[in-house]
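In case you want the letters, here they are:
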Amino acid sequence: MTIRIEPTQADYYLIRQGAEWLIGLRWLAIIIVATIIGISTFILHLVPETTWFPLWLCLILLICGNVFFLYMSRRHVSSHFLLLAQIVSDLVLLTALLHFSGGIENPFFLVFIFHIIIGSILLPKKHAFCITSLVCILFTIMACGELLRILPHYTLTIFPHDMAHVEHAAHKPVYVMGQTGVFIIVMFWSAYFTTAMAGALRIEFEKQRNTSLQLIQAAKMAAIGELAGNVAHEVNNPIGIIIGKTKILLSDFREQLPAKVTSDLEKVYLHAERIAVITRGLLTFSRPSIEKKEPIDINTVVNKSLLLAESRFHSGQIALKVSLADGLPQIEGNANELQQVLLNIINNAVDAMQDGGTLTIQTSTASRRLDKGLIQGVQISLSDTGVGIPQEDMAQIFKPFFTTKGTKGTGLGLAISHGIVRSHGGEIWAESKAGQGSAFYVFLPALN
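Procedures and definitions
Every chain is numbered independently, its residues counted from 1 as its sequence is written. The predicted nature of this model means local features are confined to residues of pLDDT at least 70 and side-chain atom pairs, given and counted, to a pLDDT of 80 or more, with totals for whole chains, interfaces and linings taken over all residues. Note: side-chain values were computed over all heavy atoms of the structure, leaving out hydrogens and water. Strands here mean DSSP runs of E at least two residues long; helices mean DSSP runs of H or I at least four residues long; both are numbered from the N terminus. Only protein chains enter the accessibility calculation, which uses a 1.4 Å probe; a residue is then buried when its area is under 20% of its type maximum, exposed when over 50%, and partly exposed in between. By the criterion applied in these results, polar contacts are pairs of N or O atoms within 3.5 Å in which, for protein atoms, one can donate a hydrogen and the other can accept it, and in which residues neighboring in sequence qualify only through two side-chain atoms. Strand pairing is defined by DSSP finding a minimum of two bridges between the two strands. Only one rule defines a salt bridge in this text: a Lys or Arg side-chain nitrogen within 4 Å of an Asp or Glu carboxyl oxygen. By definition, pLDDT measures how confident the predictor is in each residue, and it falls between 0 and 100. Any pair of residues with heavy atoms lying within 4.5 Å of one another is described as a contacting pair. To obtain an axis, a line is fitted to C-alpha atoms, over the contacting stretch when the element is a helix, and the angle between two such axes runs from 0 to 180 degrees between their N-to-C directions.

1. Concerning the side chain of S101
Working step 1: Tracing the backbone shows S101 in the loop between α3 (79-99) and α4 (112-122).
Working step 2: Residue classification places S101 among the buried residues on the basis of a relative accessible area of 13%.
Working step 3: Within the structure, the side chain of S101 is placed 2.6 Å from the backbone oxygen of L97, a separation counted as a polar contact.

Printed below as a string of structure tokens:
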């Protein structure tokens, strides 16, 4: 599965910090360059008088440019544009400094790689390679221009070109072409390596960020579950009183009450009993699971799960088809945990049918070959008519924190369900095609 990382607020903040950091670093570079030029010119006398003015002019332009960028950084200017402008201006001035201080003979031409690394880390990949291409073009123009004598060649006195019988390296085609070729290879390899590493780190950081968000969401859902249990407990008491009082009225005063009142009381009693069943189910579901397993009827678990999810079927315009086989063997398990498995699958099915659809639930006896051989048991199948799951995602659906719901999902429901079913000695699997719905199957061994 391809992960496409969109720029986040953190990415823009990093670019802004990089742009401001580059301005500060340039002041240090200006001091270093000024010191080198000063020592080379006035103390060591390595720089010919003909290049004094161009070198100092480049340094002045570098200072003016940095003052301008400092000013622009205080205003509402795009950080991306500010960083690109800094890098491009630096490359042009660096090429000019290199040209007036020995050209291709000056070993400091490798300083170009510094800007390539910065661009590859902070900017998108295409922009990083554009910067690399610009570096190679500027260097090639300088080297070939001096080779063909289109540009004058300036050199330092440490190079032996001033000897009449010695031709300096900048006018040797083999040396210039070889050095330029190696330079281009090194620059592009550096850009490729740095962008690859930066891209891998961005993906890893994005995964960690998503994992943190999903853990926070999972904690929220746990808190909501606890709150639902408390609310159900508070509702259960007054509902019990309503049921008791209604039952007394219907049993002791039925003959004295008008038929209309009796009918209304029967409706109140019926719906109050229904609320009581739902709240008792919520209380059971919200209690912490215990390790104890006991013989249970899987059809009872299915019915309780459907009762808890009933409101979702109505609000989502979901048609429900239920076919529960009679005479199913009992299984040994934890009803609360198995109810959680079914609710996770049911909620996913409802989410997959945003425009309505049909959810079909069936139970049956089945046999399946597991680690211990051919096992007899009970199978629950839940199939929907939703959007389905792409084939490339099928291998991921039971992995923790994998979700196709974006920020709406935690990616924990199916992973937890998988663990619960396996702890019961069973198996859970899915079949799906994009656009054709999904089917989940849960197999649980029968009680011996």
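2. Here we look at the pairing of strand β4 (residues 357-370)
Working step 1: Bridge analysis of strand β2 (residues 318-324) against β4 gives 7 bridges, and the strand direction is parallel. Bridging from a neighbouring strand, K321 pairs with T360 of β4.
Working step 2: Pairing analysis gives 12 bridges linking β4 to strand β5 (residues 373-384), with the strands arranged antiparallel. Across the sheet, residue S367 finds its bridge partner in β5, namely Q376.

3. A word on the pattern of salt bridges
Working step 1: Tallied over the full model, the rule gives 4 salt bridges.
Working step 2: Among the salt bridges present, the one from R254 reaches E266, with a minimum N-O distance of 2.8 Å. Of the two residues, R254 is situated in the loop between α6 (173-252) and α7 (259-286) and E266 in helix α7; the sequence distance between them amounts to 12 residues.
Working step 3: Taking the relative accessible area as the measure of exposure, E266 reaches 36% and is therefore partly exposed.
Working step 4: Among the salt bridges present, the one from R368 reaches E427, with a minimum N-O distance of 2.7 Å.

4. Observations regarding the confidence of the model for the protein
Working step 1: Residues of the protein with pLDDT of at least 70 account for 83%, and the chain-wide mean is 80.
Working step 2: Mean pLDDT values for the elements of the protein range from 74 in helix α1 (residues 9-43) up to 92 in strand β7 (residues 438-445).
Working step 3: Below a pLDDT of 50 lies the segment residues 1-7, which in the model reaches 8 contacts outside its immediate sequence neighbourhood of four places, other chains included.

5. Things to note about the sheet that holds β7
Working step 1: Pairing in this open sheet of 5 strands is mixed, and the strands run β2-β4-β5-β7-β6 from one edge to the other. Only two strands of the sheet have a single neighbouring strand rather than two, namely β2 and β6 (427-432). Across the sheet, the mean angle separating the axes of adjacent strands is 20° when strand polarity is ignored.
Working step 2: Contacts between helix α10 (residues 335-351) and the sheet are confined to β2, β4, β5, β6 and β7, with β5 contributing the most and set at about 35° to the helix.

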